[in-house]
Amino acid sequence: MVTLSIECFLFEVDRVKHEVRLDAPLPALTGVTSSGKSTTLESVWWVLGVEHAKVMDAVSMCSRVGFVARIGGERWEVIRSTEDRQEDVVFTRGTLGIPERHPVKRSDSRRSAADVFQDLLGIPRLGAGRTRVTLDKLVPWFYARQRDLPNVYLGGQSKEERTAVGRVLLGADDEKVDALRQEDDARTKEWRSAKNRSKRILRERQERDLPSVEDLQRRGEQWTAQHQQEALRAQKAGAELSRLQNQLVVLEQKVAAAQESRRAAGVAAEDRQRTARLLDTAAAEARGRLAGLREAATDPSLCPTCVRALDLTGLSEDDCPVCRRFDPERRQRAEEFTRRMSQAQQAAEQAREAARRAVQAAEEARGRVGDADRVVVEATAAVRAFTQDVIAPQQQVVVEAEAAARELAARLEQNAEHLREVAELTELRERLPELEKAAEIAKAAYTTARQDTDLMVKQATDRWSRHALRRLQACDPEVNTVSISPEDFSVTINGKSFDSRVVAGHAMTRANVSVLLALRDTAREVPAMPVPQFLIVDGPFTGLGDGPEDQRSANALLDGLTDLATFEDPSGAGGQVIIACRELRGTPGPVVREIRTNLTDGVIPGLPPRETSPV
């Protein structure tokens, strides 16, 4: 038996660690509703990452929360951050121990904080799926919530979950029995899977009217030959298409070359036209200069002012016809002017000829552009015609050949699958007797072990029932019979099951508490049961009135809880009970330590006082 007791709750507020010490076998948190009692108790399970455990507002205001517990003689401090709730939970053994970090959620490579805590308690994690005995399933057997006590049995666990947990806690199911059960499940599953698979193959063959093996083999040979032919045809068509596409590439290169030639011809034509325009401008300028010289060489016998004939009588060639004075350089200027006129006329003729030749070159260049355009159009038309008339039909040939090959490949695969099914069916028929025999052997081994453990469960539930009757009769003398089922550990009181009671109330509360206490009574007599002498009850007096019967029930419950809290086994280890209630009922003994709370200052120290509404 592994002992468990909680020494104190830990709350870190503003980097200051506060303790709520539980220095008593039976600490009792008392106070009005909403003073933080349930919040404190719930925090224990939230720290361990138990599924569905809530973190209340007051706990959220702390930076870290935890508790110090003694488990099997070792002192452990367990702390979890509320700021980063995915951060690992820290386990520290002893005062100077090295911290161990365990995740909130288990993974393939790491145990969760809840798994570590369960391992410390020595309770094996057996089973699989939703009935696997983990700390989530164990909590209702160690922590009776106030909302569940007067309403549901053992926290409202399903029969399957309750059965799995109960068998483990009674010491009936262990690793050996679980291994036999898993072997039985695995062998039975393998045999049934093979049997169902063979039936399914036979049914599908009948529904689809599949041919015999010989026909399937003949079909396979025939379709294999056809597939080879179609694959070869597709390969040849693809090779021919590749050759034609190479020709298409050559034609496209010709188009590209023709387009480049057209571009070059266009550039040359533009250059020739630009040159022609420049030369034409130069010819016009030469003609303008010639015209100016000709204008200056007009008839000197006319007056430059009134354009009337001048009187040249008696004037020599060296006299000015206007001012009639002697001009010794006049003849020289006349000769120079004549020479310039001749040069200007010659330059004008040369510029006109150059402009004519440039215009002719531009016309020829435009002609070459037109020829290049025709080459591009012809090459493009050749590419289009080759694509439509040659490439496209060949592509269609390739597509059809590949489609035929794929269809035959699909037929072959389906035919091969049918052959594999037939081979699998033959193998399954040969293996079924062996698998059935292995399943029967595994079933027999587990059945034998289960029968032995069933006897152990029956003996344990008989003890459990007797202790439950004693506990309940102390609360209510009218209880005559109590029976805890060895099948699913449901409780029947005076011939009526717990679930058959219509009205919830203290009768259900004391039944829940008494059953949990009786389980620990049984564990005292059967040390092999991995049930710590530890219990948390939130609201053990829920539904009690002030009458004599209620007072007797309160005294009996408190005596029972005290009895568990003061238990001490031969090793010297004691038990512990933690309760929470509005006020203590019954007659508290010296082992009870009352921790009072109120609405203003809750259980958690270090938090700012809460505001209370005026009455």
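Residues numbered from 1 in each chain as written. Predicted model: local features only at pLDDT ≥ 70, side-chain atom pairs only at ≥ 80, totals over all residues. Heavy atoms only, no water.

K.L.:
How would you sum up the overall build of the protein? Please name residues and give values.
P.N.:
The secondary structure content of the protein amounts to 10 helices and 14 strands. Against the compact-globule benchmark of 25 Å for 615 residues, the protein has a radius of gyration of 55 Å, which places it well outside the compact range. Expressed as lengths along the three principal axes of its C-alpha atoms, the size of the protein is roughly 175 × 90 × 50 Å. Per-residue burial over the protein gives 42% buried out of 615 residues. Relative to all contacts within the protein whose residues are 6 or more apart in sequence, the contacts with residues 24 or more apart total 68%. By element, 50% of the accessible surface of the protein is carried by carbon and sulfur atoms, the whole surface being about 33,600 Å². If the 90 positive side-chain charges of the protein are averaged to one point and the 96 negative ones to another, these points end up 2 Å apart. (Helix = DSSP H or I, 4+ residues; strand = E, 2+ residues; numbered from the N terminus. Rg over C-alpha atoms; globule rule 2.2 N^0.38 Å. Buried < 20%, exposed > 50% of the residue type's maximum accessible area, 1.4 Å probe, protein only. Contact = heavy atoms within 4.5 Å. Areas by Shrake-Rupley, 256 points an atom, 1.4 Å probe, with all protein chains shown as cover. Lys, Arg positive; Asp, Glu negative; His and termini not counted. Charge placed at Lys NZ, Arg CZ, Asp CG, Glu CD.)

K.L.:
Which residues make up the sheet that holds strand β9 (residues 482-484), and what values do they have?
P.N.:
Strand order in the open sheet formed by 3 strands is β9-β10-β11, and the pairing between neighbours is antiparallel. Two strands close off the open sheet at either side, each with one partner strand: β9 and β11 (496-497). Where β9 meets strand β10 (residues 491-493), 3 bridges bridge the pair, whose relative direction is antiparallel. Each residue of the ladder has a partner; that of S483, found in β10, is T492. (Pairing = 2+ DSSP bridges.)

K.L.:
Just give me the short version of the layout of surface pockets, but keep the residues and values in it.
P.N.:
Estimated volume of the second largest pocket: approximately 460 Å³. Taken together, 25 residues line the second largest pocket, and the ones lying closest to its centre are T33, K37, S38, Q146 and D538. Class assignment for the residues of the lining of the second largest pocket results in 7 nonpolar, 9 polar and 9 charged. (1 Å grid on protein atoms, 1.4 Å probe; cavity = no way out; pocket = protein on both sides within 12 Å on 5 of 7 lines; lining within 4 Å. Points joined across faces, edges and corners; volume = space filled by probe spheres on them. Nonpolar A, V, L, I, M, F, W, Y, C, P; charged D, E, K, R; others polar.)

K.L.:
Could you give an account of the side chain of D88, naming the residues involved and the relevant values?
P.N.:
Looking at where D88 falls in the secondary structure, it is placed in the loop between β5 (74-81) and β6 (89-93). Within polar-contact distance, the side chain of D88 engages the side chain of R110 at 2.9 Å. If sequence neighbours within four positions are ignored, D88 has contacts with R101, H102, P103 and R110. (Polar contact = N/O pair within 3.5 Å; in protein donor to acceptor, adjacent residues only side chain to side chain.)

K.L.:
Hey, could you go over unusual backbone geometry for me, with residue numbers and the actual values?
P.N.:
For S34, which is not glycine, the phi torsion reads 75° and is therefore positive. Despite not being glycine, N494 has its phi angle at roughly 55°, a positive value.

K.L.:
Describe helix α4 (residues 135-142), naming the residues involved and giving the relevant values.
P.N.:
Across the 8 residues of α4, 7 count as buried, placing the element largely inside the fold. All buried positions along α4 are accounted for by L135, K137, L138, V139, P140, W141 and F142.

K.L.:
Can you explain the nonpolar core? Please cite residues and give values.
P.N.:
With 102 residues, the main nonpolar core has W45 and F67 as its most contacted residues. Look past the residues within four positions of F67 in its chain and what remains in contact with it is I6, C8, F9, L10, V44, V47, L48, W76, E77, V78 and F117. (Core = buried A, V, L, I, M, F, W, Y, C linked by side-chain atoms within 4.5 Å.)

K.L.:
Report on the sheet that holds strand β3 (residues 26-30), specifying residues and quantitative values.
P.N.:
Pairing is parallel in the open sheet, where 5 strands are placed in the order β8-β12-β13-β3-β14. Each end of this open sheet is capped by a strand with a single partner; those strands are β8 (143-144) and β14 (592-596). Of the pairings in the sheet, the one linking β3 to strand β13 (residues 576-581) comprises 3 bridges and is parallel in character. Across the sheet, L29 pairs through a bridge with A580, a residue of β13.

K.L.:
With reference to specific residues and values, describe the pairing of strand β1 (residues 4-13).
P.N.:
Most of β1 sits inside the fold, with 9 of its 10 residues counted as buried. Bridge analysis of β1 against strand β4 (residues 64-71) gives 8 bridges, and the strand direction is antiparallel. Looking at β4, one finds that E12 is bridged to R64. Where β1 lies against strand β2 (residues 16-21), 6 bridges are found, and the strand directions are antiparallel. Residue pairing for β2: F11 is matched across the bridge by H18. Between the antiparallel neighbours β1 and β2 lie 2 residues, among them D14 with a positive phi of about 55°.

K.L.:
So, helix α10 (residues 548-565): which residues are in play, and what are the values?
P.N.:
Taking 1.5 Å as the rise per residue, α10 with 18 residues should run 26 Å; its terminal C-alpha atoms sit 25 Å apart, in good agreement. Every buried residue belonging to α10 is among S553, A554, A556, L557, L558, G560, L561, T562, L564 and A565, and all of these are buried. (Expected span 1.5 Å × (residues − 1).)

K.L.:
Got a sec to walk through the pattern of salt bridges? Specific residues and values, please.
P.N.:
A full pass over the atoms with the stated rule returns 48 salt bridges. Ionic pairing is found between D185 and R181, a salt bridge with its closest N-O pair at 2.9 Å. Here D185 and its partner R181 are both found in helix α6 (residues 175-207), 4 residues apart, which amounts to about one turn of the helix. For the salt bridge of E240 with R243, the shortest nitrogen-to-oxygen distance reads 2.5 Å. (Salt bridge = Lys/Arg side-chain N within 4 Å of Asp/Glu carboxyl O.)

K.L.:
Account for the packing of helix α9 (residues 506-525) against α10, naming residues and giving values.
P.N.:
In the contact formed by α9 and α10, the axes pass within 11 Å of each other and the chain directions differ by 25°. The angle between the axes of α9 and α10 places the two elements in the roughly parallel class. The way α9 lies across α10 gives a crossing that is left-handed. On α10, the residues touching H506, R510, V513, S514, L517, R520, D521 and R524 of α9 are S553, L557, G560, L561, D563 and L564. Class assignment of the residues belonging to the contact of α9 with α10 gives a composition of 5 nonpolar, 4 polar and 5 charged. (Axes fitted to C-alpha atoms, helices over the stretch in contact; angles between N-to-C directions. Parallel < 35°, antiparallel > 145°, perpendicular 65-115°, else oblique. Left-handed = near helix turned anticlockwise from the far one by under 90°.)

K.L.:
Account for the state of the cysteines, naming residues and giving values.
P.N.:
Under the criterion given, the structure shown has 0 disulfides. Unpaired in terms of disulfides, C8 finds its nearest cysteine sulfur in C62, a separation of 14 Å. No disulfide involves C581; its sulfur sits 15 Å from that of C475, the nearest cysteine. Since its relative accessible area comes to 6%, C581 is described here as buried. (Disulfide = S-S within 2.5 Å.)

K.L.:
Before we move on, can you summarise the packing of α4 against α9 with the specific residues and values?
P.N.:
Direction vectors running N to C along α4 and α9 enclose 100°, while the axes themselves pass 9 Å from each other. In terms of their interaxial angle, α4 and α9 are classed as roughly perpendicular. Within the contact between the two elements, α4 uses P140, W141 and F142 and α9 uses L516, L519 and R520. Classifying every residue of the contact of α4 with α9 by side-chain character gives 5 nonpolar, no polar and 1 charged.

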